[in-house]
Amino acid sequence: MTGRRAFLRGALAAGATGAAGLAAGSAAGSAAKGAAHTGAPAARGRAFHGEHQAGVLEAPARRTIVASFDVIADGRAELTELLRALTERARILTSGGPPEEAGIAAPPADSGVLGPDAPGAGLMVTVGAGASLFDDRFGLAARKPPGLLRMRTFPHDALEAGWCHGDLSVQLSADDEDTVVHALRDITRHSRGAAQLRWRISGFSSPPRPGGTPRNLMGFKDGTANPDASDAREMDRLVWLSERDLCGGTTPHAPADRPCGAAGGTYAAIRLIRMLVEFWDRVGLPEQEQMLGRARDTGAPLDGVHETDEPRYAEDPVGEVIPLTSHIRRANPRTPGSAGSRILRRAFNYDRGMDGAGDLDMGLIFTAYQRDLRRQFEAVQDRLADEPLTDYVRPFGGGYFLVFPGVRDASDFLGRGLIT
Ligand code: HEM
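What you see is a predicted model, and the numbers here were worked out from it, not measured in a lab. (Residues numbered from 1 in each chain as written. Predicted model: local features only at pLDDT ≥ 70, side-chain atom pairs only at ≥ 80, totals over all residues. Heavy atoms only, no water.)

Draft legend 1. Quick peek at the packing of helix 4 (residues 75-95) against helix 5 (residues 177-191). Closest axis-to-axis distance for the helix 4/helix 5 pair is 10 Å, and the angle between their directions is 155 degrees. Relative to helix 5, helix 4 is oriented roughly antiparallel. Considering how the two elements wind past one another, helix 4 and helix 5 form a crossing that is right-handed. In contact with L82, A85, L86, R89 and L93 of helix 4, helix 5 contributes H182, A183, D186, I187, H190 and S191. Of the residues contributing to the contact of helix 4 with helix 5, the split by class is 6 nonpolar, 3 polar and 2 charged. (Axes fitted to C-alpha atoms, helices over the stretch in contact; angles between N-to-C directions. Helix = DSSP H or I, 4+ residues; strand = E, 2+ residues; numbered from the N terminus. Parallel < 35°, antiparallel > 145°, perpendicular 65-115°, else oblique. Left-handed = near helix turned anticlockwise from the far one by under 90°. Contact = heavy atoms within 4.5 Å. Nonpolar A, V, L, I, M, F, W, Y, C, P; charged D, E, K, R; others polar.)

See the structure below:
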């Protein structure tokens, strides 16, 4: 109870001082939208207000934190305050600037990790909701987007309960570690009493070596054959939710008790996948390449020369060059039937040190964005069941989340269309 009162006081304080961050946030908003598609680090993440949240279409920043929270707010009004507070903090953190004045005896308003005048530093904050947010606690069952599922256990998964699911997801991405850590500190502080961390993991994306797409910790370029995130029509087709997806048609106003207000959002499938790297490093290079279907050094498909060459499966029907069981061929066989299951993938590496047995604990924070979890992510995942790569990886966590639509303007807040 004390915690919740403290949260509400904090949220009110944030509301009063939040205007400081507004001007910069909205001014940069639409201008950065195009820049986001180029993935140019200097411009990345400046957009706060817009149709969609930042952090989905952009090329991965160097650093990320993915966090999942259990909401402990009491009732819809407190949940609304929590989402308003999260929005306010995201807006302020994204634009940067000096923190509000604290009283002389009060704890400082900011952790100080980024100094007295925090730079926005290209921070992107991406917030989503898990299916559990729509249970009976907040009276939101009728607003649950129909495609928001609870992540199921796939064959070969070794899911650990403490690393799965959650009511809210928050992804923080920027090019510097201190920027994302500062943002996490700020967000946990301002949501204290209303949301409790359930799990969190830090990740990184490597610089292109020597060029092209960054590599994962198996040494392979990861993200090559993604759909083109700068193609707005393609993203509307594959990634962004429309009113038709959510409530069966175009309506001038989102009717109460229907999930139309999630239009402009997307479903994220997050999978935390440990790589058994000691085991992997003992496999010969040709076998590694056959498992993935691409050359390790260049990233080219095994029947090609350059990273961006298209594999020609029609000329190799029995898989002599690119095995039928290889990861890329299973994931996307490029048949008319598989065209509808394309996903937008974002890969970050993680390194959690070592486990109790002295083995390296590292792997992939895999995220796929799509309009339909069942027909896209799960269809791909089902095709990957029993691929040879399963012997070298161990999915242990993650969850499915509805990434809220973007915050339109200074009066809007994350999730407003679903909870008001
Ligand atoms: C640790 C686990 C994984 C590793 C090491 C891995 C690695 C790779 C690599 C190296 C590529 C080729 C380069 C590229 O196009 O990005 C690739 C492609 C791909 N992966 Fe994964 N991946 C993993 C998990 C997954 C999962 C869980 C899914 C989805 C269920 C997935 C779906 C795909 C898809 C759709 C492609 C593109 C295929 C194409 O269009 O040619 N991957 N992955």
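So, next bit.
Draft legend 2. The arrangement of the packing of aromatic side chains in detail. By the definition in use, this model includes 9 aromatic pairs. Summarising the aromatic geometry, the rings of F220 and W280 are spaced 6.3 Å apart at their centres and angled 65 degrees between planes, so their arrangement reads as edge-to-face. Residue F220 is located in the loop between strand 6 (195-204) and helix 6 (232-238), and its partner W280 is located in helix 8 (residues 277-280); the two are separated by 60 residues in the primary sequence. On the basis of relative accessibility, which here comes to 4%, the residue F220 falls in the buried class. On the basis of relative accessibility, which here comes to 1%, the residue W280 falls in the buried class. (Phe/Tyr/Trp six-rings, centres within 6.5 Å; stacked < 30°, edge-to-face > 60°. Buried < 20%, exposed > 50% of the residue type's maximum accessible area, 1.4 Å probe, protein only.)

Draft legend 3. Highlighting the coordination of the iron atom of the ligand. Protein coordination of the iron atom of the ligand rests on one atom only, H327 (NE2), at 2.1 Å. Tracing the backbone shows H327 in helix 10 (residues 327-331). (Donors = N, O, S within 2.8 Å, 3.2 Å for Na, K, Ca; no water.)

Draft legend 4. Structural context of the pairing of strand 9 (residues 360-370). Of all 11 residues in strand 9, 10 are buried, a share of seventy percent or more. Of the strand pairs in this sheet, strand 7 (residues 266-275) and strand 9 are connected by 9 bridges, and their pairing is antiparallel. Bridge pairing links R274 to G363 in strand 9. Counted along the chain from strand 8 (residues 344-354) to the antiparallel partner strand 9, the turn is 5 residues long, and its residue G358 has a positive phi close to 85 degrees. (Pairing = 2+ DSSP bridges.)

Draft legend 5. Spatial organisation of the site of the ligand. Around the ligand, the surrounding shell holds 25 residues, and the nearest of these are G223, A225, H327, N332 and R334. Within the side chain of H327, a nitrogen or oxygen atom sits 2.9 Å from a nitrogen atom of the ligand. Contact distances for the ligand include 2.9 Å between an oxygen atom and a side-chain N or O atom of N332. The cavity where the ligand resides is the largest cavity. Counting residues per element, the ones that place at least two in the shell around the ligand are strand 7, helix 10, strand 9 and helix 11 (374-384). A per-element tally of the shell around the ligand places helix 11 first, with 4 residues. The residue inventory of the shell around the ligand, partitioned by class, reads 14 nonpolar, 6 polar and 5 charged. (Near = heavy atom within 4 Å. Polar contact = N/O pair within 3.5 Å; in protein donor to acceptor, adjacent residues only side chain to side chain. 1 Å grid on protein atoms, 1.4 Å probe; cavity = no way out; pocket = protein on both sides within 12 Å on 5 of 7 lines; lining within 4 Å. Sits in = over half its atoms within 2 Å of the grid points.)

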